[in-house]
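Residue-level structural notes
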Amino acid sequence: MLLRRGLRLRYVLQTHRQEDFIQGTMELARLTGAQVVAGRHPITGHADVRMGERERLHLGSLTLVAFHTPGHTPESMSWAVYLDPHHAQAWGVFTGDALVAGETGRTDLAAPERTHENAALLYDSLHQKLLPLGDQAIVFPAHGAGSVCGSGIADRELTTLGFERLHNPVFTSSRSDFIQRKVMERIHRPSYFSRMEEVNLRGGVPLSADAFAIPFLDPNRFQWASHSGLVLDAREPEAFAGGHIPGSLNVWMQGLSVFGGQMAQPDTPLFLVLPEYADSRDAVLALARVGLDQVEGVLAGGFGTWRNAGLPIESSGTLTPEALFSQLAGSQVLDVRERSEFEHGHIPNARHAYVTELEERLPELGPRDDLPVAVVCSTGYRSGLATSILLRNGFQRVLNVLGGMSAWQRLELPVRTGPPSDADFEPATRLTGIEEQDAAPPSPS
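Below is a short write-up of the structure.

Scoring rules and cut-offs
- Residues numbered from 1 in each chain as written.
- Predicted model: local features only at pLDDT ≥ 70, side-chain atom pairs only at ≥ 80, totals over all residues.
- Heavy atoms only, no water.
- Axes fitted to C-alpha atoms, helices over the stretch in contact; angles between N-to-C directions.
- Helix = DSSP H or I, 4+ residues; strand = E, 2+ residues; numbered from the N terminus.
- Parallel < 35°, antiparallel > 145°, perpendicular 65-115°, else oblique.
- Left-handed = near helix turned anticlockwise from the far one by under 90°.
- Contact = heavy atoms within 4.5 Å.
- Buried < 20%, exposed > 50% of the residue type's maximum accessible area, 1.4 Å probe, protein only.
- Polar contact = N/O pair within 3.5 Å; in protein donor to acceptor, adjacent residues only side chain to side chain.
- Salt bridge = Lys/Arg side-chain N within 4 Å of Asp/Glu carboxyl O.
- Core = buried A, V, L, I, M, F, W, Y, C linked by side-chain atoms within 4.5 Å.

What follows is about the packing of helix 9 (residues 256–263) against helix 10 (residues 280–288). Think of two packed helices as two axes; the pair is described by the angle between the axes and how far apart they sit. For the pair helix 9 and helix 10, the least separation of the axes is 8 Å and the interaxial angle reads 60°. Here helix 9 lies oblique to helix 10, going by the angle between them. Considering how the two elements wind past one another, helix 9 and helix 10 form a crossing that is right-handed. Together, Leu256, Ser257 and Gly260 of helix 9 and Ala283, Ala286 and Leu287 of helix 10 make up the contact between the two elements.

Next comes the structure, spelled out in structure tokens:
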């Protein structure tokens, strides 16, 4: 794009080290001749230019001002952007993970035992350094909704400091309340984060030249080849439930980086079943970003060719929240969201296990195989993955609650708050502790 417009990339700004994907900073600099600009913290990886607090970098009509905003990570930097001739007011600010839409980055990554201290640093950084930039400043964060680098990030592409000042908890809460909130956040730390951190501190690794040269395999070749690896089915959860390759895992397209990175190891041969019209390069790139570059085949023509070839098909069930409510007696409910999500509100009698910890916790949970297991998350995607994990472990009566807790709460069905129970995983034979009038479904009025 830059070449088409006759432009040259001169600088690559680094906000902080990344743990959720492989950085392409050094490779981008190598390809373009740009210089990498970062802060002065000693943990910062490769950089050609290091800038201290409030130092300025001039680039044509732009002026960039460096702000050290620790808390998410010790070295986190934010970069305020000023436009000529409007020197007095910041036009925007690149915040990395320090400030995101509706939230801040998590404060437990660098050192979980210092979450309290990091939360205080983050609160002070944002109040003392970014908020004074003014309500007009556009915020350019590193992540959007769904990132595991923060909890409850809002699903909006654009925001401003003014909007965040009115709605973001870091600005609407007291310092002590914000710190306590971050301490209680308890977001799952994906297993591949440590691997990504190590790779990125070395400057990252380039994408191989033949990364997208993935063979499309006909159903019979796919069946034979995939026995040596893991099949990831990236279709929507309801499509997966209707029919899928036995033993495959349901990891939707947008979840491939986060959940593919946790379900597979770097040396695991991967085989992909993609949604209709999906671009295989998007899937391959999503996996490569978390160090999974062993994609060895894509099912040619999608699942329809497998079906038409008469090869083995496995299926699972789906359930609406209303249907689940009507048959809670005799159902085992398994909630696979983050613990903090569960504590904020869950289905009565539900047991809890975060989706990527489910397999190792099955003996502890002890679900009965003679009763259906209804799996719930926020909307149906993580529960789709959990459903496929249960199927791989021999459970046959597994139901994905489509719409999840979002739909459950929208229908005003009963909700409990608080931590998971230590009781055995058993069917909800009655709605213990809920008043009869609360347990009844809402009237149609």
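We are not done yet, so read on.
Turning our eyes to something else, we now look at the environment of proline 275. By the secondary structure assignment, proline 275 is in the loop between strand 15 (270–273) and helix 10. Sequence separation between proline 275 and methionine 1 is 274 residues; the distance between their C-alpha atoms is 28 Å. Discounting residues that sit within four places of it in the chain, proline 275 has contacts with Ala234, Arg235 and Met253.

Here arginine 235 is to be found in the loop between strand 13 (230–233) and helix 8 (237–242). By relative accessible area, arginine 235 is classed as buried at 10%. At 2.7 Å, the side chain of arginine 235 forms a polar contact with the backbone oxygen of glycine 243. Residues in contact with arginine 235, not counting those within four places in the same chain, are Phe240, Gly243, His244, Asn250, Trp252, Val273, Leu274, Pro275 and Phe303.

Quick look at helix 9 now. In terms of burial, helix 9 is largely enclosed, as eight of its eight residues are buried. Burial in helix 9 covers these residues: Leu256, Ser257, Val258, Phe259, Gly260, Gly261, Gln262 and Met263. Where helix 9 is buried, its residues contact helix 6 (193–201), strand 13, strand 14 (249–250), helix 10 and helix 15 (381–392).

This part takes up the pattern of salt bridges. Enumeration according to the criterion identifies 17 salt bridges in this entry. Between arginine 156 and glutamate 164 there is a salt bridge, with its nearest N and O atoms 2.7 Å apart. Given a relative accessible area of 30%, arginine 156 falls into the partly exposed group. For glutamate 164, a relative accessible area of 0% puts it in the buried group.

This part takes up the nonpolar core. The biggest cluster of nonpolar side chains holds 47 residues, and the ones touching the most others in it are Leu232, Leu358 and Leu390. Aside from chain neighbours lying at most four places away, what touches leucine 390 is Leu334, Leu358, Leu362, Val373, Val375, Phe395 and Val398. If you look at the next biggest cluster of nonpolar residues, it comprises 22 residues, including Val93, Leu130, Val139 and Phe171.

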